[in-house]
Amino acid sequence: MDKKNALRAGALAAGTTLMMLLMSSPALALTRDDGDDPGTGLSVVETLGLYVLAPIGLFLLIAALVVVGEKAHQKKDPTSSNIATKAEAKA
């Protein structure tokens, strides 16, 4: 029974994929639309800077701001973490 269900699921997945490929239209990237005015393309360095270095830089900036905020918050924290206890108690 398990083999029959697996075969049915595989056939359904293959059929769905085939139908999606056959029914989808091409991207038509070479055909210009009315009012289309594309600019110049990005170089490799510009692409890496925009899509790799900028997000990493923003992540590091946000992480640094969070760490600085936590350090400032810990100094002002009046909870039990700032209470000094004696090792030996007098009886």
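The structure this text deals with has already been given above.
Residues numbered from 1 in each chain as written. Predicted model: local features only at pLDDT ≥ 70, side-chain atom pairs only at ≥ 80, totals over all residues. Heavy atoms only, no water.

Colleague: I would appreciate a short explanation of the overall build of the protein chain in the present structure.
Modeller: When helices and strands are tallied, the protein chain shows 2 helices and 0 strands. The 91 residues of the protein chain split such that 1% are buried. Counting only carbon and sulfur atoms, one obtains 67% of the accessible surface of the protein chain, whose full area is about 9100 Å². (Helix = DSSP H or I, 4+ residues; strand = E, 2+ residues; numbered from the N terminus. Buried < 20%, exposed > 50% of the residue type's maximum accessible area, 1.4 Å probe, protein only. Areas by Shrake-Rupley, 256 points an atom, 1.4 Å probe, with all protein chains shown as cover.)

Colleague: Explain helix 1 (residues 2–23) to me, please; I cannot follow it from the model alone.
Modeller: Each full turn of the α-helix corresponds to 3.6 residues, which orients residues three or four apart in the same direction. Taking 1.5 Å per residue as the helical rise, helix 1 with its 22 residues ought to reach 32 Å, and the 31 Å between its terminal C-alpha atoms agrees with that figure. Burial analysis of helix 1 places just 0 of its 22 residues in the buried class, a small minority of the element. (Expected span 1.5 Å × (residues − 1).)

Colleague: Looking at this structure, I do not really get a nonpolar patch on the surface. What am I missing?
Modeller: Judged by side-chain polarity, Leu42, Val44, Leu48, Leu50, Tyr51, Val52, Leu53, Ile56, Phe59 and Leu60 come together as a nonpolar surface patch covering roughly 1100 Å² of accessible area. Relative to the assigned elements, Leu48 resides in helix 2 (residues 44–76). (Patch = residues over 30% accessible without salt bridge, like charges linked within 9 Å, V, L, I, M, F, W, Y side chains within 5 Å. Salt bridge = Lys/Arg side-chain N within 4 Å of Asp/Glu carboxyl O.)

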